[in-house]
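Residues per chain, in single letters:
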Amino acid sequence: MRVLDIPFMLRIIPELLRGIPVCLEITCVSMICGCLIGLATALFRIYKIPVLHQLSSVYISFMRGTPLLVQILITYYGVPVILRWINYKYGTKFDISGVPAVYFMFFCFSLCFGAYLSEMFRSAILSVDPGQMEACYSIGMTTPNALLRIILPQALTNAIPNMGNTFISLVKDTSLAFTAAVAEVMGQAKIVAGRSSKFFEAYIVAAVIYWIMCIFFEQILRRLEKFSRRFERDQGTSLKVNPAAHPKRTV
Amino acid sequence: MCEAQIICRLENIHKAFGQNQVLKGVDAEVRKGEALAILGPSGSGKTTLLRCINFLERADEGTIGIGGLKVDCKQVSKRNILNIRRKTAMVFQNFNLFKNKTIVENVMEGLVQVKKIPKNTAYAESIKLLTQVGLEEHVNYYPSQLSGGQQQRVGIARALILNPDVILLDEPTSALDPELVGEVLQTIKNLTHTGITMIIVTHEIHFAREVADQIIFMDEGIVVETGSPKDVIDNSQNPRTRQFLSRFTETLNKAAS
Ligand SMILES: Nc1ncnc2c1ncn2[C@@H]1O[C@H](COP(=O)(O)OP(=O)(O)OP(=O)(O)O)[C@@H](O)[C@H]1O
Ligand SMILES: [Mg+2]
């Protein structure tokens, strides 16, 4: 008896690969929306904007304090109920069954990762030297302008390593979307496995696909990080210091 | 001196941090084109006073008048805080250059974002000014790639380019290695001939005597003495001033012997 049916594994690869576009769609949409949500809520909290500040805190606490799987199931079963209620109450005609399940996932993952990103942005913004903001004020810049041009670019640089890790987590966590009948990589694996009862093989192939995707993204993120740190001193490219300051070096 | 020439007037400035009353009613006047040096022991409130002038700190009481705009610190609008800030510019002890911008971008920033001058004009002006402070070869470097003295000259250029009514300098050389102090002091000295108005907090007594038109000696949140460098540094009759200055003369005598 063989442990693994290798030919079967090779045969199902294309079918599992078909899940990748959905996986990337969820990842990218949620990352972008999550960043916007995270940035806004981080600023609400830092500047203590009345009402929005408290709402943001509750939102972040809830999202970070409940499992993503539970959030997905709540969205999957809850949104249709709410839409039906809205239809009933206001006589609107939202077509519930016409909304693809993947839209629900955009919604759910964006909210969830928005909360994690919010905490990241908040600490990144607070870690920017207060002297930078003072310098902006001293030349007469307004707060929004200072944030946009000086503080946020520096904060983002601080946040990029953490954001990269979040991105990788997000890629992997999209596998949970299969519970909401979304056919991403994991969903495809489950379908294939169910047909043949070769669960072990199908899930190993799925694991390898996730692994390769994550290695690929890690490479990209590493480059991005390096680029974002170009204005810091201990970077290889920054060794073009004024030669006059190093008289020993013959130029 | 006639009234019209006074470009900056502080009246009765009070500032407390919690229970700690740091400024206890400071008055000062600076005439256009004049360099005012503020001396005083550590903790006497010099930095706080300077920060109150451009509202990095909000004074509890008092009025600040700069270039025709007079505000009461108790009830100043956001708009007027911005207006006052746009009439002043600050040079910081630890430079505070924008880390994510190159040298020329640091200098341009105020022109483009605040004065709304077109980018290419702003660029040309910035390069011109950076050349004047001897940094034409470093315009595309990031601040972290420069020495402290070079960074501080950028800080001065960044303030100067806005052509403010008053430029505020808080111990511009005290974060520098001794061999870099000279180049920055020279840069500031050159400014005194351009007609720009300066308020400078410094521990460089010799420098103050040389470049300042007026000296204020502060201690424990009040102005102890005001006058020309001659009056305050060389011939002060005030015991507190003399005690403060004696420390410097002592070290100077030691160095000489
Ligand atoms: N943000 C702050 N919060 C609380 N206390 C402060 C703050 N800034 C300054 N102080 C206090 O105010 C007093 C005056 O400080 P300030 O920095 O104005 O003195 P200084 O004259 O500039 O001294 P130095 O010559 O050492 O720079 C000090 O006792 C200091 O502890
Ligand atoms: Mg000080």
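Residues numbered from 1 in each chain as written. Chains lettered and ligands numbered in written order. Predicted model: local features only at pLDDT ≥ 70, side-chain atom pairs only at ≥ 80, totals over all residues. Heavy atoms only, no water.

Draft legend 1. Structural detail: the nonpolar core. Ranked by size, the top nonpolar core spans 154 residues in total, and within it Ile26, Met105 and Phe109 of chain A together with Ile64, Leu130 and Ile199 of chain B carry the most contacts. Dropping the residues within four chain positions of it, Ile64 of chain B is found in contact with Arg9, Leu10, Ile13, Cys52, Ile53, Phe55, Leu69, Lys70, Val71, Cys73 and Ile84 of chain B. (Core = buried A, V, L, I, M, F, W, Y, C linked by side-chain atoms within 4.5 Å. Buried < 20%, exposed > 50% of the residue type's maximum accessible area, 1.4 Å probe, protein only. Contact = heavy atoms within 4.5 Å.)

Draft legend 2. Layout of the interface of chain A and chain B. Across the boundary between the two partners, chain A contributes 25 residues, which contact 29 residues of chain B. Interface area for chain A against chain B, summed over the two sides, is near 2,600 Å², with a carbon-plus-sulfur share of 51%. In this assembly, chain A and chain B are joined by two salt bridges. For the interface between chain A and chain B, the tally reads nine residue pairs in polar contact (both at pLDDT 80 or more). Looking at the side of chain A that touches chain B, the elements with two or more residues in it are α6 (130–138) and α7 (143–173) of chain A. Of the residues forming the side of chain A that touches chain B, the biggest block, seven residues, is contributed by α6 of chain A. (Buried area = accessible area lost by both parts, 1.4 Å probe. Salt bridge = Lys/Arg side-chain N within 4 Å of Asp/Glu carboxyl O. Polar contact = N/O pair within 3.5 Å; in protein donor to acceptor, adjacent residues only side chain to side chain. Helix = DSSP H or I, 4+ residues; strand = E, 2+ residues; numbered from the N terminus.)

Draft legend 3. How the structure looks around the side chain of Lys101 of chain B. Inspection of the secondary structure puts Lys101 of chain B in the loop between β6 (88–91) and α3 (103–114). Although Lys101 of chain B is buried, it forms no salt bridge, and the closest oppositely charged side chain is Glu109 of chain B at an N-O distance of 4.1 Å. In this view, Lys101 of chain B contacts Arg149 and Ile150 of chain A together with Asn106, Glu109, Tyr142 and Pro143 of chain B; residues no more than four positions away in its chain are not counted. (Lys, Arg positive; Asp, Glu negative; His and termini not counted.)

Draft legend 4. Just the packing of aromatic side chains, in detail. Residue and element names in this part refer to chain A. Tallying each qualifying case throughout the model produces nine aromatic pairs over all chains. Centroid distance Tyr76 to Tyr77: 5.0 Å. Interplanar angle 75°. Geometry classified as edge-to-face. Relative accessible area serves as the criterion here: at 25%, Tyr76 is assigned to the partly exposed category. Through a chain of ring-to-ring contacts, three or more aromatic side chains come together here, namely Phe109, Phe113 and Tyr116. Sitting above the plane of the Phe8 ring, Lys198 keeps its charged end 5.2 Å from the centroid. (Phe/Tyr/Trp six-rings, centres within 6.5 Å; stacked < 30°, edge-to-face > 60°. Lys NZ or Arg CZ within 6 Å of the ring centre and 35° of its normal.)

Draft legend 5. Region of interest: the site of ligand 1. Residue and element names in this part refer to chain B. Lining the immediate environment of ligand 1, one finds 13 residues, of which Ser42, Gly43, Lys46, Thr47 and Thr48 sit closest. Contact distances for ligand 1 include 2.5 Å between an oxygen atom and a side-chain N or O atom of Ser42. Interatomic distance of 2.8 Å between a backbone N/O atom of Gly43 and an oxygen atom of ligand 1. Protein contact buries 60% of the 640 Å² of open area that ligand 1 shows by itself. Mapped onto the shell around ligand 1, the elements with two or more residues apiece are β2 (20–31) and α1 (46–53). Considering every element that reaches the shell around ligand 1, the biggest residue donor is α1, with three residues. (Near = heavy atom within 4 Å. Areas by Shrake-Rupley, 256 points an atom, 1.4 Å probe, with all protein chains shown as cover.)

Draft legend 6. Highlighting helix α3 (residues 52–65) of chain A. Over its 14 residues, α3 of chain A extends 20 Å from the first C-alpha to the last, a length consistent with the 20 Å expected when each residue adds 1.5 Å. The elements touched by buried residues of α3 of chain A are α2 (20–46), α4 (68–90) and α5 (101–126) of chain A. (Expected span 1.5 Å × (residues − 1).)

Draft legend 7. Up close: empty space enclosed by the protein. Taken as a whole and assessed by the stated rule, the structure comprises one cavity of 30 Å³ or more. Ile139 of chain A together with Arg85, Arg86, Thr88, Val114, Lys115 and Leu162 of chain B together form the lining of the largest cavity. Of the residues that constitute the lining of the largest cavity, the class distribution is three nonpolar, one polar and three charged. (1 Å grid on protein atoms, 1.4 Å probe; cavity = no way out; pocket = protein on both sides within 12 Å on 5 of 7 lines; lining within 4 Å. Points joined across faces, edges and corners; volume = space filled by probe spheres on them. Nonpolar A, V, L, I, M, F, W, Y, C, P; charged D, E, K, R; others polar.)

Draft legend 8. Broad picture of the packing of α2 of chain A against α7 of chain A. All names here are of chain A. Here α2 crosses α7 at 140°, and the two axes come no closer than 11 Å. When the interaxial angle is binned, α2 and α7 end up oblique. Relative to α7, the crossing made by α2 is right-handed. Contact residues: Cys23, Thr27, Ser30, Met31, Cys35, Leu39 and Leu43 in α2; Leu147, Leu152, Met163, Phe167, Leu170 and Val171 in α7. Looking at the contact of α2 with α7 residue by residue, the classes come out as eleven nonpolar, two polar and no charged. (Axes fitted to C-alpha atoms, helices over the stretch in contact; angles between N-to-C directions. Parallel < 35°, antiparallel > 145°, perpendicular 65-115°, else oblique. Left-handed = near helix turned anticlockwise from the far one by under 90°.)

Draft legend 9. Representation of the side chain of Thr27 of chain A. All names here are of chain A. Note on placement: Thr27 falls in helix α2. Polar side-chain contacts of Thr27 include one of 2.7 Å to the backbone oxygen of Cys23. Filtering out sequence-adjacent residues up to four positions away, Thr27 remains in contact with Phe167, Leu170, Val171 and Thr174.

Draft legend 10. Up close: the pattern of salt bridges. With the rule as written, the count across this model stands at 15 salt bridges over all chains. As a salt-bridge pair, Glu15 of chain A and Arg195 of chain A come within 3.0 Å of each other at their nearest N and O atoms. Here Glu15 of chain A, found in helix α1 (residues 6–17), pairs with Arg195 of chain A, found in helix α8 (residues 185–196); they are 180 residues apart in sequence, far enough to count as distant. What makes Arg195 of chain A exposed here is its relative accessible area of 58%. Note that Asp165 of chain B and Lys87 of chain B form a salt bridge whose closest N and O atoms lie 3.9 Å from each other. With Asp165 of chain B in the loop between α5 (148–160) and β7 (166–170) and Lys87 of chain B in helix α2 (residues 78–87), the pair connects residues that are 78 residues apart, well separated along the chain. A relative accessible area of 24% means that Asp165 of chain B is categorised as partly exposed. For Lys87 of chain B, a relative accessible area of 22% puts it in the partly exposed group. Look at the salt bridges and you will find they share partners, linking Arg45, Glu119 and Arg122 of chain A into a network.

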